[in-house]
Amino acid sequence: MLSLGSGGGKTAKPSFVSYVSPEEIKKENVNDDLKPHLLPGELVICEANTVVKYSREDSLQRGFYGKLVCTNFKISFLSAEQLLDEVEQSYKNKLMGENDISLHCVDQIFGVYDDKKKPLLPGAVKNKIPEKLLLYCKDFRVFHFGLRYTKEEDARRLIRGIVHHCLNPTSLKCLFAFSYVGAAGGLKVGPVGIEEEPPTIMFETKNDWKVELDRTGGLLTYRIISSNENYKISTRLPQFFAVPSTVADDDIKKYKGKGIPLWCWSHSSGCALLKMAALPEIADDSTSQMDKSWIDRLPQLLGENHPLDHTIRTEILSATLPTLQEIQASYNRFKQLFLPDNAAEFWESDIKWLSVLENTNWLEVIRQCLKKALDIVECLEQRNTSVVLVEENCSDLCCLIASLVQVIIDPHFRTLSGFQSLIQKEWVMGCHCFLDRCNLLRSNDKEAPVFLLFLECVWQLLQQYPPAFEFTETYVTILSDSMFIPIFSTFLFNSPWQRDNNQMLDEDRRMVSRSLKLPSVWEWSVQFENSVQALFYNPLYIGKPKMDNRRTQRVKPQRQMSLPSSPSYHSRPSPRKGFFREETDHLIKTFLGKKISRWTLTAEDHSVGYKLFYENWRSKPIDHHGLLLPLHDGPALRIWGQRYLRWIPEVQIPGGGSITALNKACEIIDEIKTLQTKVSQRILKRQPSSPNIDIFTPFHESSRLSSTFPFGTLRRQSIKPRIPVSTNLSMSFGSMENLPDDEEDLVHWKNNNFAWKHSNLHEQHLPFGELSMYLDKLKYEEFLVAISSIFQLNPLNMHSLSLYKCK
């Protein structure tokens, strides 16, 4: 590791500056022989040797020198010196290494000239080579590369190549995904995915929709449409979808999917959640009259579709939620909080961090989405009202609110496979424009983090009700990172039609004989080994009880959270409250609003209703397999720390954070399962067999855990002294001089030192594995078996065990 002086920016001046170049330190540059790991179809575009990667953990005063390579897929830094100094990482991606950056993950590029940071734009790279190259990533990593010792010609070629391939507009057929699968002859690349139980429903066939309709009890009143097969009617609809049984195929063909209520989810009482694209405003009077006639017929059609008398509510989302431009502007302000160049800049911004956070308005956007979803849930659960979500294209805010409502109300979508199926149904088949919203073609005018906003809302729910979700925040964070890996078909297209259209590959039709089979992001084995996929599963998840037969139950059941019907509950008025602006979109205001106002429940404001509904639900015990209403006011909303703070060393908590409790839960589960296996073998008098692979295993040695696990792992920092973490160490070990120098040797020595174990038995928080050494083995096993039998512990159920620990 080299001490290389100031890293630029506002970094404090070092006490020692090295004026010796790396060529003089080592005659033979071992980095010249390093080769990047290339995926199928990946090609090296440019590279430069003797590039310094500054270490963020060492306050940019030290770094590794190596080779910086730019390919048609990523930017990769290779260093033989860092390979020797690296610790074992628990989180490894097969596609992307720790020092790899996807080209589509690069958000901004800056050059440092004479300690001044200037943006580098396409076509505007000056002849003067910057001293440093700064890369700001969409996953909130910040890379600092020093070019002081790099050959000028190589540095210029490298900078121009990186700026061109990261920031220049491109076309769909130039994305790396087609080179990736094309190198395999159009077949899927990577290992075969692990069979999931149950599998993720992709909603690409008629049977997939039938299964979901059957699960929610919607087969009696909704039917599956196949008339759009091969996209004959509209390219903005999937090939198969569900509509009310009273909607005819001719109506769908006439309006090309516009103004047609599409089924999302059915309630057990018979009401349903639907979404609809607004009819466009047309100057032709005859067409306008035809559209008006269709809007007038819709309430009757939806009423006939319901077995009982009920009301219908249309929710025009643009009237109460922020626009896409406002969401993007808020997120741009928000993300600047988590991109400090150095420690000095971080601590300087820390003084006014909360006020800046409030001014970004990002948490307010999240709150409004949760509040809107809660309002919709109250209509479905309490008022027995079908809700139709209306948006201009029905592919942005409709996807967000519809998905969030289903996560809140249906426990199936809080499982891993159910959550992935939900994204397939509402986002992929809902024609969300991932290509435009993620700005993969770098057009910049249509970018908006709508899907990320949905993940933010889900993360808030996950933090509030951890036992209700089968997946962890690590899974949600990795899913958000996968959006910027241009390989997976899930996040690569604006619609299923665009994905299935072969002409997008090449203008010459003769060169394309079949569709390329791009992998889905749900094929996690393409990115991760089983050990990493184990981090997706929540050990605190309470297993789902036996399912009741919702399909045969068409009368609304008595619910624990239901409010008694009272005139005062349904008649209290309340003033309307806007969000970002009072005026709504011109299209909704002048055309759509006039047509649907007569069958929209706009005369009655629901703010009081859902507030009482919410308070009544909160007053009763939480059923983690039932309705989960989010907390959305004030301090209830938190910052998604694992996503936004994981790369900032100053906020890492060594050996702390929520991960330590999760790791402890995994250790307990692992031991209970082991003991249960031993007891079963003794009872059945079977020969010991090879142990099964457990899903939940301890994550990592406690000495390497930090609050940002698995993304941030504690590293040796040579410029910082090793300070004892406990004031009792001198008493425990007798003399500090006897401590081993190496940290790993220290951990090994503690585990084998008899005196340390006994003197710290009552002071240290030991896992069950170490505590069992002080108990008689047979009694210890009998103790845990007894506890398991008393509480009927399930290895995947930590609820009973937590009750025991509290007692």
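Residues numbered from 1 in each chain as written. Predicted model: local features only at pLDDT ≥ 70, side-chain atom pairs only at ≥ 80, totals over all residues. Heavy atoms only, no water.

A. Spotlight on the confidence of the model for the protein. Scored by pLDDT, the protein has a mean of 76; 66% of the residues are at 70 or more. Model confidence for the protein, summarised as mean pLDDT per element, is weakest for helix α19 (residues 567-571) at 33 and strongest for helix α12 (residues 397-409) at 98. This model gives residues 3-14 a pLDDT under 50, and the stretch forms 33 contacts once residues within four places in sequence are excluded. Counting interchain partners and residues more than four positions distant, the pLDDT-below-50 stretch residues 503-514 has 20 contacts. (pLDDT = per-residue confidence, 0-100. Helix = DSSP H or I, 4+ residues; strand = E, 2+ residues; numbered from the N terminus. Contact = heavy atoms within 4.5 Å.)

B. Seen up close, the packing of helix α13 (residues 416-428) against helix α15 (residues 450-464). Running from amino to carboxyl end, α13 crosses α15 at an angle of 145°, the nearest separation of the two axes being 13 Å. Note that α13 runs across α15; the crossing there is right-handed. In this structure, α13 contributes Phe 419, Leu 422, Ile 423 and Trp 427 to the contact, and α15 contributes Val 450, Phe 451, Phe 454, Leu 455 and Val 458. When grouped by side-chain class, the residues that make up the contact of α13 with α15 number 9 nonpolar, no polar and no charged. (Axes fitted to C-alpha atoms, helices over the stretch in contact; angles between N-to-C directions. Left-handed = near helix turned anticlockwise from the far one by under 90°. Nonpolar A, V, L, I, M, F, W, Y, C, P; charged D, E, K, R; others polar.)

C. Expanded view of helix α11 (residues 362-381). The end-to-end C-alpha distance of α11 is 29 Å, a good match for the 28 Å that 20 residues give at a rise of 1.5 Å each. The buried count for α11 comes to 17 of 20 residues, which makes it a mostly enclosed element. (Expected span 1.5 Å × (residues − 1). Buried < 20%, exposed > 50% of the residue type's maximum accessible area, 1.4 Å probe, protein only.)

D. Quick look at the nonpolar core. Residues Phe 454 and Leu 479 are the most contacted members of the largest nonpolar core, which totals 181 residues. Sequence-distant contacts of Leu 479, that is, excluding residues within four places in its chain, are made with Phe 419, Ile 423, Phe 451, Leu 455, Phe 491, Val 521, Trp 522 and Trp 524. Among the nonpolar cores identified, the runner-up in size contains 5 residues, and Leu 535, Ile 659, Leu 662 and Phe 709 belong to it. (Core = buried A, V, L, I, M, F, W, Y, C linked by side-chain atoms within 4.5 Å.)

E. Representation of the pattern of salt bridges. Summed over the entire model, instances satisfying the criterion amount to 26 salt bridges. We note a salt bridge from Arg 313 to Asp 375, for which the minimum N-O separation is 2.8 Å. Of the two residues, Arg 313 sits in strand β14 (residues 312-316) while Asp 375 sits in helix α11, which places them 62 residues apart along the sequence. The exposure class of Arg 313 is buried, given its relative accessible area of 5%. Residue Asp 375 is classed as buried on the basis of its relative accessible area of 9%. Look at the salt bridges and you will find they share partners, linking Arg 313, Glu 315, Lys 372 and Asp 375 into a network. (Salt bridge = Lys/Arg side-chain N within 4 Å of Asp/Glu carboxyl O.)

F. Looking closely at the environment of Ile 109. For Ile 109, the location among the structural elements is in strand β6 (residues 106-113). When the C-alpha atoms of Ile 109 and Cys 137 are compared, they prove to be 9.0 Å apart, with 28 residues separating the residues in sequence. Aside from chain neighbours lying at most four places away, what touches Ile 109 is Lys 118, Pro 119, Leu 120, Leu 133, Leu 134, Leu 135, Ile 162, Val 163, Cys 166 and Leu 167.

G. Representation of the pairing of strand β15 (residues 386-391) within the structure. Within β15, 6 of the 6 residues are buried, leaving the element largely enclosed by the surrounding structure. Burial of β15 is two-sided: the residues Ser 386, Val 388 and Val 390 facing one way and the residues Val 387, Leu 389 and Glu 391 facing the other way are all buried. In this structure, strand β13 (residues 272-277) lies alongside β15, joined through 5 bridges in parallel fashion. Note that in β15 the partner of Met 276 across the bridge is Val 390. Bridge count between β14 and β15: 5 bridges; the pairing is parallel. Of the residues in β15, the one forming a bridge with Ile 312 is Ser 386. (Pairing = 2+ DSSP bridges.)

H. Molecular detail of the packing of aromatic side chains. Scanning the model with the defined rule gives 40 aromatic pairs in all. Arranged with centres 5.8 Å apart and planes meeting at 40°, the rings of Phe 176 and Tyr 180 form a pair that is tilted. Here Phe 176 pairs with Tyr 180, and both are found in helix α4 (residues 176-182), just 4 residues apart, close to one helical turn. Here the aromatic rings of Trp 647 and Phe 711 are separated by 6.2 Å at their centres, their planes lie at 75°, and the arrangement is edge-to-face. Taken together, the residues Trp 647 in the loop between α22 (641-644) and α23 (658-684) and Phe 711 in the loop between α23 and α24 (729-733) connect sequence positions 64 residues apart. A residue is classified by how much of its surface remains accessible, and Trp 647, at 26% relative accessible area, is partly exposed. Taking the ring centre of Phe 711 as reference, the NZ or CZ of Arg 646 above it sits at 4.7 Å. (Phe/Tyr/Trp six-rings, centres within 6.5 Å; stacked < 30°, edge-to-face > 60°. Lys NZ or Arg CZ within 6 Å of the ring centre and 35° of its normal.)

I. View of the side chain of Asp 341. Here Asp 341 lies in the loop between α8 (324-335) and α9 (343-350). The class for Asp 341 is buried, based on a relative accessible area of 7%.

J. Local environment of unusual backbone geometry. Positive phi is not limited to glycine here, since Phe 203 has a value of about 60°. Locating Phe 203 in the fold gives a position in the loop between α4 and α5 (206-216). The buried category is assigned to Phe 203, whose relative accessible area is 2%. In this structure, Tyr 231 takes a positive phi of about 60° despite not being glycine. Within the secondary structure, Tyr 231 is located in the loop between β10 (222-225) and β11 (241-244). For Tyr 231, a relative accessible area of 12% corresponds to the buried category.

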